[in-house]
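A closer look at the structure
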Amino acid sequence: MGGPERMLSSIQKLAKMTEETNGVGTIWIGPQLYVVITNPDDAQIILETCLQKDSSYRFLQKWLGNGLFVAPVDLWKIHRRVLLPIFHKRNIEDYIEVFGEQGQVLVSRLAEKLLDKEFDVFKYITSCTLDIVFETAMGERMDVQQSPETPYLRARNTVMSVINMRLFKAWLQPEVLFHLTPYAKLQKENIDVTHKFADEVIQKKRAAFESPDSNGVNHARSDILQQLLEKDIKFSDEELREHIDSITIAGNDTTALVIAYALVLLGSHPREQEMVFDELQIIFGDSKRPPNKEDLGKMEYLERVIKETMRLYTVVPVIGRETQKTVQLSNCTVPAGVGCAILPFVMHRCKKIWGPDVDSFNPDRFLPANSVKRHPCAFIPFSFGSRNCIGRHFGMLAMKSILSNVLRSYKIKSNACEQLKIEILLFPVKGHLICIEKR
Ligand code: HEM
């Protein structure tokens, strides 16, 4: 499949190949056969019936253990049921205050870039979303926005780059060979740093929860860890860490990437940017107050902008599953134990679904009247079926809140991101370059 940049062009070639075979094809990656799916009907069948992640997710397992993201399906079923209410819309609304506070810190940090010609906005946004996921998941204020050089963050980035390297370098994939390289030691040391950080928070929280002075229930805004401790199912410290790590890792760069792409798109589409600004003026007037639940509910145009951003820049471009029994697709029968690669990136840029102007930025594709007849799997940035993204409401509220804070304070200018690469997620080769002016 090549390196991060060639991976994307390989995916585009695969898309061409599957065009001639009704959106389903096959490819060998090393010794592993994959069924590649680019049509919504077959994507729906796989996402509804195959809940097991495919074997490429094993590289994440040393780090995330049996956290939701990689858990084997039997355990996943039990834990997902327990975690679902925590991610319910009503529960997530308690975190709106955190989204607003951190969004305002972001706005003040961006002020240092007012005189710059062009800068990469992603690192500012990812620090903001990291502060948000830490505070909401563990009740810990990390203040990464104020001091981005934390050992935890360095360790986390190192682990990510080793895992990403293993995905692309076939010779690093077998455990025996990997352990002969210095990367194995590097990965272990850095995983230990991230685990130690979460373990300390968990031990502190458990001690407070079980102390005789506590009645076990925290009535203030309750972080995710606190809510997991309060569940009838008694999670071990290790299980708690695996869930918290999965949530903070799955929720941070995904959300930050969509926000950064949205800023780049709005920067190169001034008319749409003014439409967002006008909507925000109606909601807030000239006030710079952080958005509340009612405000977020009124941001209909901004929501369409976010959806159109996720269509054009699908930050999780590939979803991998494994069949556990024989599955009948539109043009073939797939036996049990076969990897399936669903390509939302390709489906989101398919002319048959989106029309001849598929590559243009048009948020009104997501007006209710224009969406009603679309296949339920034509647009799946958060995946689909019962193993979809558990954090999608969280992500949507956080994205609206942060974007509404930034766009009320700054006017954005930019050129579109042309070259893209896949490093687990979809990144622009040259970064999310924008320049900002004060509103
Ligand atoms: C724009 C933001 C986001 C996008 C585009 C996104 C996308 C996705 C996708 C596509 C999956 C399925 C991945 C796969 O099967 O390989 C997923 C799973 C997951 N996401 Fe998100 N996500 C976002 C935000 C979040 C947030 C904010 C959180 C938590 C705070 C989160 C937590 C998770 C977890 C725990 C899973 C695993 C769910 C399971 O297997 O049951 N995500 N996400």
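Residues numbered from 1 in each chain as written. Predicted model: local features only at pLDDT ≥ 70, side-chain atom pairs only at ≥ 80, totals over all residues. Heavy atoms only, no water.

Attention now moves to helix H1 (residues 4–19). The end-to-end C-alpha separation of H1 is 23 Å, in line with the 22 Å expected for 16 residues at 1.5 Å each. Every buried residue of H1 is listed here: Met-7, Leu-8, Ser-10, Ile-11, Leu-14, Ala-15 and Thr-18. Buried residues in H1, looked at end-on, bunch into an arc of 160°, giving them a common side. Exposed and oriented more than 90 degrees from the buried face of H1 are Arg-6, Lys-13, Lys-16 and Glu-19. Each element contacted by the buried residues of H1 is listed here: strand E1 (24–29), strand E2 (32–37), helix H8 (151–168), helix H16 (344–347), strand E10 (420–423) and strand E11 (425–428). (Helix = DSSP H or I, 4+ residues; strand = E, 2+ residues; numbered from the N terminus. Expected span 1.5 Å × (residues − 1). Buried < 20%, exposed > 50% of the residue type's maximum accessible area, 1.4 Å probe, protein only. Arc of directions from axis to C-beta. Contact = heavy atoms within 4.5 Å.)

A word on the site of the ligand. Lining the immediate surroundings of the ligand are 27 residues, of which Tyr-57, Trp-76, Arg-80, Arg-387 and Cys-389 lie closest. Between an oxygen atom of the ligand and a side-chain N or O atom of Trp-76, the distance comes to 2.7 Å. Only helix H4 (73–83), helix H12 (237–267) and helix H19 (392–409) provide two or more residues apiece to the shell around the ligand. Among the elements that line the shell around the ligand, the one with the most residues is H12, at 6 residues. Broken down by class, the residue content of the shell around the ligand amounts to 17 nonpolar, 7 polar and 3 charged. (Near = heavy atom within 4 Å. Polar contact = N/O pair within 3.5 Å; in protein donor to acceptor, adjacent residues only side chain to side chain. Nonpolar A, V, L, I, M, F, W, Y, C, P; charged D, E, K, R; others polar.)

With glycine set apart, most residues show a phi of negative sign, and most peptide bonds adopt trans. Of note in the backbone geometry, Asn-22 takes a positive phi value of approximately 60° without being a glycine. Position of Asn-22 among the secondary structure elements: in the loop between H1 and E1. Asn-22 gets classed as partly exposed once you look at its relative accessible area, which sits at 46%. Although it is not a glycine, Ile-424 sits at a positive phi angle of roughly 65°.

Now for the sheet that holds strand E8 (residues 339–342). Taken in spatial order, the 5 strands of this open sheet run E1-E2-E8-E5-E3, and their pairing is mixed. Strands with a single pairing partner mark the edges of an open sheet, and in this sheet they are E1 and strand E3 (52–53). Note: E2 against E8, 4 bridges, orientation parallel. The residue of E8 that forms the bridge with Tyr-34 is Gly-339. Those strands touched by helix H2 (residues 40–49) are E1, E2, strand E5 (319–322) and E8, and its axis lies near 130° from that of E8. (Pairing = 2+ DSSP bridges. Axes fitted to C-alpha atoms, helices over the stretch in contact; angles between N-to-C directions.)

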